[in-house]
Every structure is written in structure tokens, then in C-alpha cells.
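# Observations on chain architecture
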Amino acid sequence: MSTREPLAPPRAPDQQTQPPAVELNGIVKRFGSTTAVDNVALSIESGELLTLVGPSGCGKSTLLRMIAGLMQPDAGEILLAGRPVFGPSASVPPEDRSVGLVFQENTLFPHLNVRDNIAFGLKGKSRRQVASRVAEVLELVELGSFLKRFPHELSGGERQRVALARALAPEPTVLLLDEPFANLDPNLRSQVRGQTVEILRRAGASVLFVTHDQLEAMSLGDRVAVMGSGRVEQIGSPKTVFHLPTSRFVAASLGEAYFLPVTLCGNGQIDCEAGRCASDCQLTGDRMEIMVRPHDVTFRVDPAGSGRVVGIEFQGAHILYQVQLPSGRRLRCQLPHTTDVPLGTAVAVQLAHGHEPVVLPARAE
Ligand code: ADP
């Protein structure tokens, strides 16, 4: 099965005529000698959920804050629904940008009940309109009966759902979420994450979701933008960025990845220490490497095999076996929990890519 696919998912017909919810061109932000955001260009289509993932300090929050208008770029242009809000001819203040924000910290007003927290962002509407919209968004987040509760009377997950309702209430052009589940404990986190996606889909919102969690980025996003050192390194569907990363950085940002030197055999095959596999690799060069993730490699017990099991990590549903290859390189193989191979066993390693393998130029030593 090939995982090659267009970088952007096809848009629904009614979206094709709409301008992107967000369009960034050449955005730069410096703090002294640090370039926090370095010439970033990206767009978020109407109704799309784009996740922005990258290590701490790579510039994600700075980018989000500039879209919201909480910080001014040093260069570039920002358009929201086709309207310039920052650039050579525009500088629209945050309150006029039609942007909703949800942060990781609890930002509800402690002295206001749920109703008043949500109504806060609905200035300029009649009492009846406010009451109706508050009821609507509370239904959306399934907290319809919580109108009179105060923030301290809510669980962490409920508080985040109220924060989401408050951000959605004015029907913003784009909703910006910055690590919204970071403060929730792991069990609650996956539950609230599922609920949040359902809510965002029902609302048809255009969303930029910032996270440093690769699984969160891939499971939530229609597309994933991988950021490193102020730059967007790759944007694509979760499958594309995971299976077809264009750099070692992107590969490693989205999960465990090993790189083994390869030789091209010239017959549509490539050869490496972990075996041979088919590849339509068009790269030429004398130093190239194949990316191998733990599920891309398997082994069979073979007393004449050149690999050796040197580590075993039981993970419940599967087992990660660390195997040492003759060169001394080590990689981990993900095998079913039903396998039971003792430490020290000699094994023959085989590549088991279910998709076109990724071959990249070797990293300079
Ligand atoms: P991320 O959200 O990916 O963790 P940030 O956008 O918060 O990263 O930060 C990017 C870089 O910019 C970091 O090096 C950080 O220290 C720096 N930075 C962010 N905000 C400021 C600020 N207000 N003043 C100085 N440096 C900042």
C-alpha cells in the first residue's frame, strides 16, 4: 500500500470558494538575537483543524500570539478570512480580529458563573440573543445544566469545555488553542481531547491547535504542521508527515525513528543492515539512509542471524525488542504481545514497511 497522497486533503466544494480562515506570509519575530519565528508561511482552510507541533521553544506560541494580535510580527502579513489584519497596510487590534483563544491555564473569571463567563465575549448583543447563544454553546459542550455554577465548582475537564464554549460563542473566524489539555491528568486528557474534537467538528470551526505532543497532533489534525527552530519544516496530512517525512527532524518529531545507511541495488531495491526492500527512491548520492520506525521492522529467531536481542520493553499491547545489528547500531522492533523472545537470542532482522520506505541524505558527521 502506498501512503503517497496530496499534501493537502481535498476541500469540500463549499469551501473552495471561501478564502482561508488564516493566511500567513513571511512572518518573522525576533526577541533580541533570538529569531523565534523565521519566515513562516501557512494557511488554515475554512473548517480545517491544523495542528502545530514542535519541541518547546520552537516558536509555536509566538506564532499563535501574533495571529491573535497579542504580539506584533517584525515582518510579514496576516490575513483572516481574506482580510489583512497585519501587514504593510493593516494593523487590526486583537478585539477586532474575530479570534477565539483557549489556553492551558484556567482563564475563566473566578467571580463569574458559567453563564456570565460565556456572555462576557458577547458584548453588543441583546439580552435575548446573549441568553440564546449561551444556551446554544453550552448544549454544544454538553454542559447545558451548568449555567449557574462557578469555576471552582467544575472539574478540570468541565472548565476547559466552558473555556471552549466561551471562545466559540462569538463565532470567531478562527479558534486558537494553545496546549489546552496540558494541565489535565493523562486519563482525563484523552477523554477531554475526544470531546473537544467532536465539539469543534460540530461547530464547523477553523482551528489552529498548538501542542508539543506528537500523538495529539496526529490524532486531532486534518493536517499537521511540524515546526522547529522558528520554521515550519513540513505540512501535510498526519499520514504523510508520519510516513513520508522530508527530513530527519520531522521524522524524529513524530515518533521513534532510526536511520540506517543504504545502498541502491539498481533494480528497484535498496539494501541495508536490516535487510532489503523495494523502493522507488530517485535520490542519488553516496551517503543515504533509510528511516525505520519500530513497526517497520520485524525479526525471526535464527541461531545464524546476525542480530541479537539486547533489550525488552513490555508495553501491554505490544513488546519493543531492542536489537543490536552487526555494526553495533541498535534499533527497536515492535512485535505483538504474544511474542516471547528472551534476551540474548540471535535473530534475523527483516524490513516490513507497509508503505514506500523513506530514504534521506545521511546527516553530516
Ligand atoms: P513554544 O511555544 O514553541 O514553546 P515560544 O513561542 O514560547 O515557543 O518561544 C520561542 C522562542 O522565543 C523561545 O526561545 C523563547 O524563549 C523566546 N521568547 C518567547 N517569548 C519571548 C519574550 N516575550 N521575550 C523574549 N523571548 C521570548
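Here is a short report on the structure shown in this document. Residue positions are counted from 1 within each chain, in the order its sequence is given. Predicted model: local features are reported for residues with pLDDT of at least 70 only, side-chain atom pairs are reported and counted for 80 or more only, and whole-chain, interface and lining totals are derived from all residues. Hydrogen atoms and water are omitted, and side-chain values are computed over all heavy atoms in the structure.

### Section: the pattern of salt bridges
Where charged atoms of side chains with opposite charge meet at close range, the side chains can pair. Stated precisely, the cut-off is as follows: A side-chain nitrogen of Lys or Arg and a carboxyl oxygen of Asp or Glu constitute a salt bridge if their distance falls within 4 Å. Each helix is a run of H or I in the DSSP string that is no shorter than four residues. Each strand is a run of E no shorter than two, and both are numbered from the N terminus.
Per the counting criterion, the structure on display carries 16 salt bridges. One salt bridge in this structure joins Glu-48 and Arg-223, with 2.5 Å as the shortest N-O distance. Residue Glu-48 is found in the loop between β2 (34-44) and β3 (49-53), and its partner Arg-223 is found in strand β10 (residues 223-228); the two are separated by 175 residues along the sequence. Among the salt bridges present, the one from Asp-116 reaches Arg-115, with a minimum N-O distance of 2.4 Å. Each of Arg-189, Arg-193, Asp-213 and Glu-216 takes part in one network of salt bridges that share partners.

### So, the site of the ligand
Rules: Nearness here has a simple test: a residue counts as near a molecule or strand if at least one of its heavy atoms is within 4 Å of that partner. Distance and chemistry together define a polar contact, namely a pair of N or O atoms within 3.5 Å, with one atom able to donate a hydrogen and the other to accept it when in protein, and with adjacent residues in sequence counting only for side-chain atoms on both sides. Under the convention used here, a 1.4 Å probe and the Shrake-Rupley method define accessible areas, while residue burial counts only the protein chains that appear.
Surveying the vicinity of the ligand reveals the residues Phe-31, Thr-34, Ala-36, Pro-55, Ser-56, Gly-57, Cys-58, Gly-59, Lys-60, Ser-61 and Thr-62. Between the ligand and the protein, one listed contact pairs an oxygen atom with a side-chain N or O atom of Lys-60 at 2.9 Å. Here an oxygen atom of the ligand and a backbone polar atom of Ser-61 are 2.8 Å apart. Across the complex, the protein chains shield 57% of the 560 Å² of accessible surface that the ligand would expose by itself.

### Examining the sheet that holds strand β12 (residues 258-264)
What counts, and what does not: When DSSP finds two or more bridges between two strands, those strands count as paired. For helices, the fitted axis covers only the stretch in contact; all axes are lines through C-alpha atoms, and the angles between them, taken along N-to-C directions, range from 0 to 180 degrees.
The antiparallel open sheet is built from 5 strands, whose spatial order is β14-β13-β12-β15-β21. Across the chains shown, the open sheet's two edge strands, defined by having one partner strand only, are β14 (275-278) and β21 (359-361). Direction aside, neighbouring strands of the sheet carry axes that sit 40° apart on average. As paired strands, β12 and strand β13 (residues 269-272) are joined by 3 bridges and run antiparallel to one another. Bridge pairing in β13 places Thr-263 opposite Asp-271.

### Quick word on the layout of surface pockets
We apply this condition: Any residue with an atom within 4 Å of a point lines the site, the site being either a cavity, points on a 1 Å grid over the protein atoms alone where a 1.4 Å probe fits but cannot get out, or a pocket, an open set with protein on both sides within 12 Å along at least 5 of 7 lines. Grid points are joined across faces, edges and corners, and a volume is the space filled by probe spheres set on the points. Residues were grouped as follows: Ala, Val, Leu, Ile, Met, Phe, Trp, Tyr, Cys and Pro as nonpolar; Asp, Glu, Lys and Arg as charged; and all remaining residues, including Gly, as polar.
Its boundaries defined by the atoms lining it, the largest pocket holds a volume of some 620 Å³. What lines the largest pocket is a set of 20 residues, and nearest its centre among them are Glu-95, Val-99, Gly-100, Gly-121 and Pro-170. Every element with two or more residues in the lining of the largest pocket is listed here: β7 (99-103) and α4 (156-168). Among the elements that make up the lining of the largest pocket, the one with the highest residue count is β7 (4 residues). Its residues placed into classes, the lining of the largest pocket shows 12 nonpolar, 4 polar and 4 charged.

### Brief notes about the packing of α4 against helix α5 (residues 186-203)
Any two packed helices are characterised by the angle at which their axes cross and by the distance between the axes. The criterion, for reference: An angle below 35 degrees is treated as roughly parallel, one above 145 as roughly antiparallel, one from 65 to 115 as roughly perpendicular, and anything else as oblique. Each crossing is labelled by how the near helix is turned from the far one, with a counterclockwise turn of less than a right angle marking it left-handed and a clockwise turn marking it right-handed. Any two residues whose heavy atoms approach within 4.5 Å at even a single point are treated as in contact.
It is at 10 Å that the axes of α4 and α5 come closest, and there the two elements cross at 20°. It follows from the interaxial angle that α4 and α5 lie roughly parallel. The way α4 lies across α5 gives a crossing that is right-handed. Of the residues in α5, those in contact with Gly-156, Gly-157, Arg-161, Leu-164 and Leu-168 of α4 are Leu-188, Val-192, Gln-195, Thr-196, Ile-199, Leu-200 and Ala-203. Its residues placed into classes, the contact of α4 with α5 shows 7 nonpolar, 4 polar and 1 charged.

### Quick word on α4
Defined as follows: Residue count minus one, scaled by 1.5 Å, sets the expected span of a helix. Buried means the residue's accessible area, taken with a 1.4 Å probe over protein chains only, is under 20% of the maximum for its type, while exposed means over 50%, and partly exposed covers the values in between.
Taking 1.5 Å as the rise per residue, α4 with 13 residues should run 18 Å; its terminal C-alpha atoms sit 18 Å apart, in good agreement. Burial runs high along α4: 11 of the 13 residues are buried. Taken together, the buried positions of α4 are Gly-157, Glu-158, Gln-160, Arg-161, Val-162, Ala-163, Leu-164, Ala-165, Arg-166, Ala-167 and Leu-168. At its buried positions, α4 is contacted by β7, α2 (114-119), α3 (127-140), β8 (174-178) and α5.

### As for empty space enclosed by the protein
Enumeration according to the criterion identifies 1 cavity of 30 Å³ or more in this entry. Lining the largest cavity we find Val-102, Gln-160, Arg-161, Leu-164, Leu-177, Pro-180, Phe-181 and Thr-196. Take the lining of the largest cavity: its biggest share by element is 3 residues, from α4. Split by residue class, the lining of the largest cavity holds 5 nonpolar, 2 polar and 1 charged.

### Focus: the nonpolar core
What counts here: Here, the term nonpolar core denotes a set of buried Ala, Val, Leu, Ile, Met, Phe, Trp, Tyr and Cys residues that are joined through side-chain atoms within 4.5 Å.
The biggest cluster of nonpolar side chains holds 35 residues, and the ones touching the most others in it are Ile-118, Leu-164, Leu-175 and Val-207. Mapped by element, the contributors of at least two residues to this core are α2, α3, α4, β8, α5 and β9 (207-211). Sort the elements by how many residues they give to this core and α4 lands first, with 6 residues. Contact partners of Ile-118, with chain neighbours within four places excluded, come to Val-134, Val-137, Leu-138, Val-162, Ala-165, Arg-166 and Ala-169. In terms of nonpolar packing, the next biggest core, distinct from the first, is built from 30 residues, Val-22, Val-40, Met-66 and Ile-235 among them.

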